[in-house]
Amino acid sequence: GYWDIVGTNGHVIVRSRYSCAGMVSTNRIGSFIIPNKVASILSSIVESDADFGWNDSEASIHLLQCDITFRLIEGKYPNYNSVFPQDLSELKEASADRSLMMNSIRKVMPFASESSGSKMLHLSLDYGKLTIAGQNVDYFAGATDTITAGYVGAPIEIGANGQYLHNMIKNLAGSHCKIKLTDATHPVVIEPNEQEDNCEVSMLIMPMLLDK
C-alpha cells in the first residue's frame, strides 16, 4: 500500500507517494483534506515520525509531547491520479541540470508577456538541448537561453507558466530533473532523476497555449 500527500492550485499538482512498507504505516484506509495554513505549519514542525488520526470533520497529529487538532475541509478532492499520464509508452523524456534550468528561467522570464497574471515561457526540446524563451510582443522584446539536455526524440514545443515551473524545479531534490511530456496540449510531468527511498515525487503542470 501507499500514502499520498498531494497539493494543487488547479494548474500544478505535486504528489509525494510514500510506501507503507517503509516510512509510513497505517491501519486505516481513507483520505482527508487539510487547510493550506495548517499544511504550512505542519511542514515547519514535523521533523520525525508522527501519528495521525481523523474523522469526518477534524484531524489530529501527535508530535512528541504535543497534540495538534484542526478542522478538515469538506468536499471531495479532485481525482489527481487520473490527470497524470496513464500511457507511459507515449511519453517523451528529457533530463536537465536543475540549477542551469532555474537560472535559464530567471534570465528569460522578465522578457515574457504577461497574460492573466501569468508569464508564459516557450520551451523547445531538440536533440541534446533545451531552449527556454520569453517574448513580449507589445514592447518588441524577447530573450532566449539554451542549455544541454538529455533528449533524443523528435523536436517538441510547449508553453508553461514560468513562475510555477521555476518553483517546481526549485523544490525538487538532486542535481538533475526529468521532464516527461507527450505534446503541447497534454500535462508535463517533472520528477527528480533519482527518487528517494520509500518516496516517489511527481510534479505535474498544465501547459499554456502557444501563439501560432
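Cut-offs and rules
- Residues numbered from 1 in each chain as written.
- Predicted model: local features only at pLDDT ≥ 70, side-chain atom pairs only at ≥ 80, totals over all residues.
- Heavy atoms only, no water.
- Helix = DSSP H or I, 4+ residues; strand = E, 2+ residues; numbered from the N terminus.
- Contact = heavy atoms within 4.5 Å.
- Pairing = 2+ DSSP bridges.
- Phe/Tyr/Trp six-rings, centres within 6.5 Å; stacked < 30°, edge-to-face > 60°.
- Buried < 20%, exposed > 50% of the residue type's maximum accessible area, 1.4 Å probe, protein only.
- Axes fitted to C-alpha atoms, helices over the stretch in contact; angles between N-to-C directions.

A few words on the environment of L63. Structurally, the position occupied by L63 is in strand β4 (residues 58-63). Residues L63 and A50, 13 residues apart in the sequence, show an inter-C-alpha distance of 5.6 Å. Discounting chain neighbours no more than four positions away, the residues touching L63 are I45, V46, A50 and I68.

Next up on the list: the pairing of strand β12 (residues 176-181). Bridge count for strand β6 (residues 92-97) against β12 is six bridges, and the pairing is antiparallel. Following the sheet pairing, A94 is matched in β12 by I179. Here four bridges tie β12 to strand β13 (residues 188-192), and the two strands are oriented antiparallel to one another. When the bridges of β13 are listed, K180 appears paired with V189. Hairpin connection from β12 to β13: six residues lie between these consecutive antiparallel strands.

With that out of the way, let us pick up the packing of aromatic side chains. The relation between two aromatic rings is expressed through the spacing of the ring centres and the mutual angle of the planes. Summed over the entire model, instances satisfying the criterion amount to six aromatic pairs. Plain terms: the ring middles of W3 and W54 are 6.2 Å apart, the flat faces sit at 70° to each other, and that makes the pair edge-to-face. Within this pair, whereas W3 is found in strand β1 (residues 2-8), its partner W54 is found in strand β3 (residues 51-54), the two being separated by 51 residues in sequence. For W54, a relative accessible area of 13% puts it in the buried group. On the basis of an interplanar angle of 45° and a centroid distance of 4.8 Å, the ring pair of F32 and W54 is categorised as tilted.

Within a sheet, neighbouring strands are paired by backbone hydrogen bonds and run either parallel or antiparallel to one another. Ordered in space as β3-β4-β5, the three strands form an open sheet in which the pairing is antiparallel. Each edge of the sheet is formed by a strand with only one pairing partner; in this case those strands are β3 and β5 (66-71). Across this sheet, the average inter-strand angle for adjacent strands is 15°, counted without regard to direction. Those strands touched by helix α1 (residues 36-45) are β4 and β5, and its axis lies near 160° from that of β5.

A positive phi angle is found at N198, which is not glycine, with a value near 65°. Tracing the backbone through its elements, the reader meets N198 in the loop between β13 and β14 (199-205).

Across the seven residues that make up β14, a large majority, six, are buried. Note: strand β2 (residues 12-19) against β14, seven bridges, orientation antiparallel. The residue of β14 that forms the bridge with I13 is L204. The pairing of β13 with β14 spans three bridges and is classified as antiparallel. Bridged to I190 within β14 is M203. Linkage of β13 to β14, two consecutive antiparallel strands, is achieved through a turn of six residues, within which N198 is found at a positive phi near 65°.

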